Amino acid sequence: LFPYTTLFRSQEDRRFPAKVSKGIRLTEGHYEIPLPFRQSEVDLPNNRQQAFIRALWQQKKMIQNHQYRNDYIAFINEIINKGYAEKATQEILKGDPGKAWYIPHHGVYHPKKPDKIRVVFDCSAKFAGTSLNDQLLQGPDLTNSLVGVLTRFRQEPEAFMADIEAMFYQVFVPEEQRDFLRFLWWPNRDLTAPLEEYRMTVHPFGAVSSPSCSNYALQKTANDNEEEYGSAVASMLRRNFYVDDCLRSVSTEVKAKEQIEGLRQVCAKGGFRLTKFICNRLSVLESIPEEERSKDVKTLDINYDDLSIERALGVQWCVESDTFRFRITIKDKPLTRRGILSIVSSIYDPLGFAAPFTLKAKKLLQDLCKDEKLGWDDELPETYRNHWENWRSELPMLERILVPRCVKPIDFGEVKSRQVHVFSDASSVGYGSVAYLRLCNNEGRIHCSFLMGKARLAPIKAVTIPRLELTAA
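Computed from a prediction, not measured in an experiment: that's the story for all the values here. (Residues numbered from 1 in each chain as written. Predicted model: local features only at pLDDT ≥ 70, side-chain atom pairs only at ≥ 80, totals over all residues. Heavy atoms only, no water.)

Colleague: Tell me about helix H7 (residues 210–229), residues and numbers included.
Modeller: Relative to the 28 Å expected for 20 residues at 1.5 Å per residue, H7 spans 27 Å between its end C-alpha atoms, a close match to the ideal helical length. Taken residue by residue, H7 has Ser210, Ser212, Cys213, Ser214, Asn215, Tyr216, Ala217, Leu218, Thr221, Ala222 and Asn225 as its buried positions. One or two steps after H7, the chain reaches Gly230, where phi turns positive at roughly 95°. (Helix = DSSP H or I, 4+ residues; strand = E, 2+ residues; numbered from the N terminus. Expected span 1.5 Å × (residues − 1). Buried < 20%, exposed > 50% of the residue type's maximum accessible area, 1.4 Å probe, protein only.)

Shown next as C-alpha cells:
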C-alpha cells in the first residue's frame, strides 16, 4: 500500500493491515480510512473516569482564564458544527464493552499565533497499561523531505504558497470505529452542566496514525484524478506538499494560474480545501478568489500596497523582494547554558544560510560543557560571557542577509547547462559543506546560486583531520 520510506517503532509499523487497505473509500466527497489497529480484535478497558478527571482539570483552567475558555469552547463548537465530531446517542452508548475509548483533551496555543488555539486529543494517555496510540500502527512516513520541498520552491521565478484547511479533519473514520474516539464535553457552552459523551468522526490531531492517513488520502487524491487533470497537477500533490503546506514555483504566470486552478479542483475532489494563497505576482493573486487568499493579502490593496512577508515552512519569505530572510527576536534569557541554548535553537535555518555564524555559538556551548563542566543554570565565567555578548550583539545583523528565493535570474533565458558544485572542509573546531548551482545559458552567461550549507562541531573526543574531512564530504 505504501512505499517503505523510513524506520518505525517496529517492522510491523511499516505498513497498514490489509483490512485498512480494503476499507479505504471515497464517501460524500471525503476519503474514509479505518483506524489501523495492531490487532484485528480490539478489547480496551473502560477509561471514562480518567477522561472525566482530565475534563475537570480543563474546567478549572477555563474558569481561571476567560480567554482560554472562550477559545476552547469556540474550537469544540466549530468541530461539532462542521461535523468533525458528533454527540453520542443513548443507543450508541449501549455498545459492546471493550469497543470504546475516551480521549482526554487540552488546548495548545501556537507560539507564533497567540490568538489561535488548537485542541489536542491526548491519544497517548495511558489507562490500565495501555493507550489508544499503543493499539494503533503509526503507518509509513509519507511526508516529503522539508529540504526537498524548499529546494523545489526555488527552481522557477513564479512562486506561490497555500495550505489545506484542517487537513486531518478531512479524512473520516468509519462509523463502526468512532466509539474508539469518544470524548467528554459540556453542551451549550455551560461548564456547570453535566459532562456528555461525544465522538470524533474524523482522524483526530493526536493519534499516531493520523499523519500517515491524511498524507495517504492526499496522495490517493492525486492518483485517482491524474487521468482527468494531468500529471503536472498530480505531481504537485505528491512532491510539493509538506504535510498541509503547498510550495510551488513555475516558469510563467500562465502556468501559475493554470496549476493553481487545477490544484484547487483536484484537492476539492478529495475533500480538501486549498486556501491562504500568496504569490509573488499580483496578476496571479488577482486570479484567485479573495476568500482563498492569505489573510494579510485580503487586508491590502493589491494594486497599490506592497506584498507581505510570509513564513514558508518556517523560513521568512519576503514576497515583495522575492527573497528569504531572517527575522530575529531576541528574548531576555539568563547568561547560562540553558539560556544560550534557547537563543541558538530559536534560529530556524533548514537550508544553512547562517551555518557559519551559528557554529560559533554552538562551539561556545561545547566549550562550556567540556572545559568548565557547568550546570545548565550556572552563571557563565567572565571570559565566556564576553564571547557570548559579542556573538549576541551581532545576531540582529542576520536580518540584513537576503537570499534570492529563485536560483535562476528572471531574464536569464534558456538554460543549457546545470551543475551542482559542492565544497567541503574540516578543522579541529568543526566541519562543513556547501552546495552551489551553476547555470549557463545559450549565450554563455553564467550564474551561480547558493543551494544549501551544513556545519557541525567536531566531536569532543579527538578525531584526526583526515577523518573529519571525510565526514564533511
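Colleague: I'd like a description of the pairing of strand S16 (residues 415–426), backed by residues and values.
Modeller: Bridge count for S16 against strand S17 (residues 430–441) is 11 bridges, and the pairing is antiparallel. The partner of Ser424 across the bridge, within S17, is Ser433. Between S16 and S17, which follow one another and run antiparallel, lie three residues. (Pairing = 2+ DSSP bridges.)

Colleague: A description of the sheet that holds strand S9 (residues 241–242) should follow, citing residues and the corresponding values.
Modeller: Strand order in this open sheet of four strands is S9-S10-S6-S11, and the pairing throughout is antiparallel. Across the chains shown, the open sheet's two edge strands, defined by having one partner strand only, are S9 and strand S11 (274–279). With six bridges connecting them, strand S6 (residues 158–164) and strand S10 (residues 245–250) associate as antiparallel partners. Paired with Phe160 across the two strands is Arg248, which belongs to S10.

Colleague: Lay out the nonpolar core in plain terms, naming residues and giving numbers.
Modeller: Tyr72, Ile79, Phe121, Leu132, Tyr169, Trp185 and Met200 are the most contacted members of the largest nonpolar core, which has 40 residues in total. Secondary structure elements with two or more residues in this core: helix H2 (48–64), helix H3 (66–81), strand S5 (113–121), strand S7 (182–185) and strand S8 (196–200). When residues in this core are grouped by element, the largest group, six residues, is from H3. Not counting the four nearest positions on each side in its chain, Ile79 is found in contact with Tyr84, Ala85, Phe121, Tyr169 and Met200. Counting 35 residues, the second-largest nonpolar core is a separate cluster that includes Val319, Leu335, Ala361 and Leu365. (Core = buried A, V, L, I, M, F, W, Y, C linked by side-chain atoms within 4.5 Å. Contact = heavy atoms within 4.5 Å.)

Colleague: Run through the side chain of Gln177, naming residues and quoting values.
Modeller: The topology assignment puts Gln177 in the loop between S6 and S7. Gln177 gets classed as buried once you look at its relative accessible area, which sits at 12%. Reaching out from Gln177, the side chain makes a polar contact with the backbone nitrogen of Leu35 at a distance of 2.6 Å. Apart from residues no more than four positions distant in its own chain, Gln177 is found in contact with Pro34, Leu35 and Phe37. (Polar contact = N/O pair within 3.5 Å; in protein donor to acceptor, adjacent residues only side chain to side chain.)

Colleague: Give a description of H2 that names residues and reports values.
Modeller: Over its 17 residues, H2 extends 25 Å from the first C-alpha to the last, a length consistent with the 24 Å expected when each residue adds 1.5 Å. Taken as a whole, H2 has its buried residues at Gln50, Ala51, Arg54, Ala55, Gln58, Gln59 and Met62. At its buried positions, H2 is contacted by H3, strand S4 (105–110) and S7.

Colleague: So what's going on with the packing of helix H12 (residues 337–345) against helix H14 (residues 382–394)? Which residues, and what values?
Modeller: Contact geometry of H12 with H14 gives a least axis separation of 13 Å together with a crossing angle of 25°. As far as their axial angle goes, H14 and H12 are roughly parallel. Between H12 and H14 lies a crossing whose hand is left-handed. Across the interface between the two elements, Ile340, Ile343 and Val344 of H12 pack against Trp388, Trp391 and Arg392 of H14. Here the residues of the contact of H12 with H14 sort into five nonpolar, no polar and one charged. (Axes fitted to C-alpha atoms, helices over the stretch in contact; angles between N-to-C directions. Parallel < 35°, antiparallel > 145°, perpendicular 65-115°, else oblique. Left-handed = near helix turned anticlockwise from the far one by under 90°. Nonpolar A, V, L, I, M, F, W, Y, C, P; charged D, E, K, R; others polar.)

Colleague: Give me the sheet that holds S16: which residues, what numbers.
Modeller: The strand order across the open sheet formed by three strands is S16-S17-S18, and the pairing between neighbours is antiparallel. Edge positions in the open sheet fall to S16 and strand S18 (446–457), since each of these has one partner strand only. For this sheet, the mean angle separating the axes of adjacent strands, direction not counted, is 15°. In this fold helix H15 (residues 465–472) packs onto S16 and S17, with an angle of close to 150° to the strand it touches most, S16.

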